[in-house]
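Secondary and tertiary structure notes
Chain residues, written in single-letter form:
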Amino acid sequence: MEKVLNEQDALVIEPLLPRLLDFSALYDISQNGDVRFLAFTRLITDSRGHYRGTQVAPKIGNLFPSDLTILFHQDCISAGGKHYSGPAFYKRLLPRSLSTLLPHYHGPVAVDALFYQPENSLAQVRPIVEVNARCSMGRIAHNLRRKLSPDSVGQLTIHRTKELSGELPTGLAINDPGKAKSFLAVWSEVPF
């Protein structure tokens, strides 16, 4: 923690939730403050919650297991004393708040969220874990899918070069494998 404080001058501490699945909602904020929802993505994380990649698809049902897709389409998010389905929250309610939250910003935004399941309880949605006002890896994956495989599920995965055993992962390397010092990004289609 001391290293993070020294590097970033701030530290956010939040409860450790029993994660089921991380996801993100992608937006564009125009110069005049209009917010446009683009897509949902599924974040690929390791057992410690570290980012390893992003899955993207034409439909949300191709990203989430069926039980979480059903939950997401029910009134699973509480905000302002009301309950919203996932699509209603992310496509209608949240865009109105983003331009207020980021009043002088225009460009790409990713809102990270997650499904979690407390012990002896049903799965729940934590609707906002982090807001990234920048071009995220999810946004890059979204753009790759639109250009390379618009009707397919695709994924952009990040591989540590020190963990590669000489054999490259299957797919299209986004950065030069011969020059990659720390990470190799790979695009691939995923069967669904």
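This text follows the structure it describes.
All of the points below concern the structure found in this document. (Residues numbered from 1 in each chain as written. Predicted model: local features only at pLDDT ≥ 70, side-chain atom pairs only at ≥ 80, totals over all residues. Heavy atoms only, no water.)

Here we look at the overall build of the protein chain
Tallying secondary structure elements over the protein chain gives four helices and ten strands in all. Each helix and strand of the protein chain, placed in order from N terminus to C terminus, yields the pattern α-β-β-β-α-β-β-α-β-β-α-β-β-β. For a compact globule of 192 residues, the expected C-alpha radius of gyration is about 16 Å, and the protein chain comes in at 18 Å, within 12% of that figure. In the protein chain, which comprises 192 residues, the share counted as buried stands at 39%. Across the protein chain, the fraction of contacts at a sequence separation of at least 24, relative to all contacts at a separation of at least 6, is 54%. A total of about 11800 Å² of accessible surface is found on the protein chain, and carbon and sulfur atoms cover 51% of it. Here the protein chain carries 21 positive and 18 negative side-chain charges, and the mean point of each set is 5 Å from the other. (Helix = DSSP H or I, 4+ residues; strand = E, 2+ residues; numbered from the N terminus. Rg over C-alpha atoms; globule rule 2.2 N^0.38 Å. Buried < 20%, exposed > 50% of the residue type's maximum accessible area, 1.4 Å probe, protein only. Contact = heavy atoms within 4.5 Å. Areas by Shrake-Rupley, 256 points an atom, 1.4 Å probe, with all protein chains shown as cover. Lys, Arg positive; Asp, Glu negative; His and termini not counted. Charge placed at Lys NZ, Arg CZ, Asp CG, Glu CD.)

Quick notes on helix α4 (residues 137-148)
Look at α4: 16 Å from first C-alpha to last across twelve residues, which is about the 16 Å you get at 1.5 Å a residue. Taken together, the buried positions of α4 are occupied by G138, R139, A141, H142, L144 and R145. Looking at the packing, one finds that the buried side of α4 touches β1 (19-29), β2 (35-45), β3 (51-56), β6 (107-116), β8 (153-160) and β10 (183-190). (Expected span 1.5 Å × (residues − 1).)

Notes on helix α3 (residues 86-101)
The periodicity of an α-helix, 3.6 residues per turn, causes residues three or four places apart in sequence to face the same way. The terminal C-alpha atoms of α3 lie 20 Å apart, and with 16 residues this falls more than 12% below the ideal 22 Å at 1.5 Å per residue. Most pronounced at L94, the bend in α3 amounts to some 50°, and the proline P95 follows within four residues. Where α3 is concerned, the buried positions are G86, P87, A88, F89, Y90, L93, L94, P95 and L98. Backbone nitrogen of A88 and a side-chain oxygen of the N-cap are separated by 3.2 Å at the start of α3; the cap is S85. (Bend = angle between axes of the 7 residues up to and from the residue. Polar contact = N/O pair within 3.5 Å; in protein donor to acceptor, adjacent residues only side chain to side chain.)

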